[in-house]
Amino acid sequence: MATTAPKGLTRARIVEAALDVLDDDGIDAVTVRAVAKRLGVQAPALYWHVKHKQELLDEMGTEIQRRVIAASQPVADAAWPELLGGYARALRTEYLAHRDGARTFSGTRTTDPAVLRAQEPMLRAAVAQGVDLEHAVTAAELVTAFVVGWVIEEQERGSRPQEYTLAERTAALGDDAPLTAAAGGILARDREQRFEQQLATILAAATGPAAAAAPRPEN
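Going along each chain's sequence as written, the residues are numbered from 1 onward. Per-residue local features are limited, in this predicted model, to residues with pLDDT of at least 70; the limit for side-chain atom pairs, both in listing and counting, is 80 or more; totals at the level of whole chains, interfaces and linings are taken over all residues. Hydrogen atoms and water are omitted, and side-chain values are computed over all heavy atoms in the structure.

1. Here's the deal with a nonpolar patch on the surface
Reasoning step 1: Patch definition: residues above 30% relative accessible area lacking any salt bridge, with like charges linked at up to 9 Å and the nonpolar side chains Val, Leu, Ile, Met, Phe, Trp and Tyr linked at up to 5 Å. Here the open area of atoms and residues is found with the Shrake-Rupley method and a 1.4 Å probe, where only the protein chains shown may cover a residue. Here, a salt bridge means any Lys or Arg side-chain nitrogen found within 4 Å of an Asp or Glu carboxyl oxygen. A cluster of nonpolar side chains, namely V127, L133 and V137, defines an oily patch on the protein surface of about 230 Å² accessible area.
Reasoning step 2: Put simply, DSSP marks the helices as runs of H or I at least four residues long and the strands as runs of E at least two long, and each gets a number from the N terminus on. Position of V127 relative to the elements: it lies in helix 7 (residues 120-128).
Reasoning step 3: The exposure class of V127 is partly exposed, given its relative accessible area of 43%. Relative accessible area decides the class of each residue, using a 1.4 Å probe on protein chains only: under 20% of the type maximum gives buried, over 50% gives exposed, and in between gives partly exposed.

2. A look at helix 3 (residues 53-71)
Reasoning step 1: To estimate how far a helix should reach, multiply one less than its number of residues by 1.5 Å. Here helix 3 spans 27 Å end to end across 19 residues, near enough to the 27 Å set by a 1.5 Å rise per residue.
Reasoning step 2: Looking at helix 3, one finds that the buried residues are L56, L57, D58, E59, M60, G61, T62, E63, I64, Q65, V68 and I69.

3. What about the pattern of salt bridges?
Reasoning step 1: The full count for this structure, using the stated rule, is 13 salt bridges.
Reasoning step 2: A salt bridge links E16 to R67; the nearest nitrogen and oxygen atoms lie 2.7 Å apart. Of this pair, E16 sits in helix 1 (residues 11-25) while R67 sits in helix 3, and the two are 51 residues apart along the sequence.
Reasoning step 3: Of the residues examined, E16 reaches a relative accessible area of 36% and is grouped as partly exposed.
Reasoning step 4: A residue is classified by how much of its surface remains accessible, and R67, at 25% relative accessible area, is partly exposed.
Reasoning step 5: Two residues, D24 and R38, come together in a salt bridge whose shortest N-O distance is 3.0 Å.

4. A short note on the packing of helix 4 (residues 80-96) against helix 7
Reasoning step 1: As a packed pair, helix 4 and helix 7 sit with axes 9 Å apart at the nearest point and diverge in direction by 155°. Taken together, the axis directions place helix 4 and helix 7 in an arrangement best described as roughly antiparallel. Read as a crossing pair, helix 4 and helix 7 show a hand that is left-handed. From helix 4, W80, L83, L84 and Y87 reach across to helix 7, where they touch M122, A125 and A126.
Reasoning step 2: Note that Gly is not counted as nonpolar here; it falls among the polar residues with everything else outside the nonpolar set of Ala, Val, Leu, Ile, Met, Phe, Trp, Tyr, Cys and Pro and the charged set of Asp, Glu, Lys and Arg. When grouped by side-chain class, the residues that make up the contact of helix 4 with helix 7 number 7 nonpolar, no polar and no charged. Only C-alpha atoms enter the line fits that serve as axes; for helices the fit covers just the stretch in contact. Angles between N-to-C directions range over 0 to 180 degrees. Roughly parallel means an angle under 35 degrees; roughly antiparallel, over 145; roughly perpendicular, 65 to 115; everything else is oblique. Should the near helix be turned anticlockwise from the far one by less than a right angle, the crossing is left-handed, and should it be turned clockwise, the crossing is right-handed. For this analysis, residues touch if any pair of their heavy atoms sits within 4.5 Å.

5. Description of the UniProt feature "DNA-binding region" (unreviewed entry) in the chain
Reasoning step 1: UniProt positions are given in the numbering used here, feature names are shortened, and annotations may be inferred rather than shown by experiment. UniProt records the feature "DNA-binding region" (unreviewed entry) for residues 31-50 in the present numbering.
Reasoning step 2: The annotated region residues 31-50 carries 40% helix and 0% strand content, and the separation between its end C-alpha atoms amounts to 11 Å.

6. Quick word on the nonpolar core
Reasoning step 1: What we call a nonpolar core is a set of buried Ala, Val, Leu, Ile, Met, Phe, Trp, Tyr and Cys residues that are connected through their side-chain atoms within 4.5 Å. If you look at the biggest cluster of nonpolar residues, it comprises 50 residues, and the most contacted ones within it are V35, L46, M60 and W80.
Reasoning step 2: Looking at which domains feed residues into this core, each of domain 1 (9-51) and domain 2 (54-163 + 195-207) supplies at least three.
Reasoning step 3: Here V35 is in contact with I14, A17, A18, V21, L46 and L56, once residues within four sequence places are set aside. In this entry, domain limits derive from an automatic or database-based domain assignment.

Next comes the structure, spelled out in structure tokens:
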């Protein structure tokens, strides 16, 4: 194992190489050895920065979160639901930009305190608008969970576009399930439109008066 950091091998270069491996071959292919090969070095050269795959994934997730926050910084006078919607769209965009994005980056640990501190303006904006901090955090968790689940489905279905068509689904149902058949047509609508519709529902539930009035859990 290297005892000093190899010259020219930075954490940023390692993360970019890891993202390249992810995009080319998927999450199962992301290993310290595979990233080292992409960089043209031996695996021990990376151990100065990342000791194992989970640390590598954490660094990748931190970089993605850094990009999400940069793309969703609060706009002056924007309402809290609008700020949360901007975060949701930025998160989806970054996850979709990478193969297996939602599966890879969700649940990773943020390793850079600066990325955590960058959340402060959004939370400050929410509190300035009278939103309780606990409610703001809960709303952000709900929106994050929605986006993660949505993108996992989006990417999995996108990898098998012809495997199960709407016509095949309708034919398999027969004539005695007309509502289920009609539901399939709704589900098959434009993905951008469906995302925005469902995001609006989540935002209304997470930021509306009912959410603000919800009792806090006892400690």
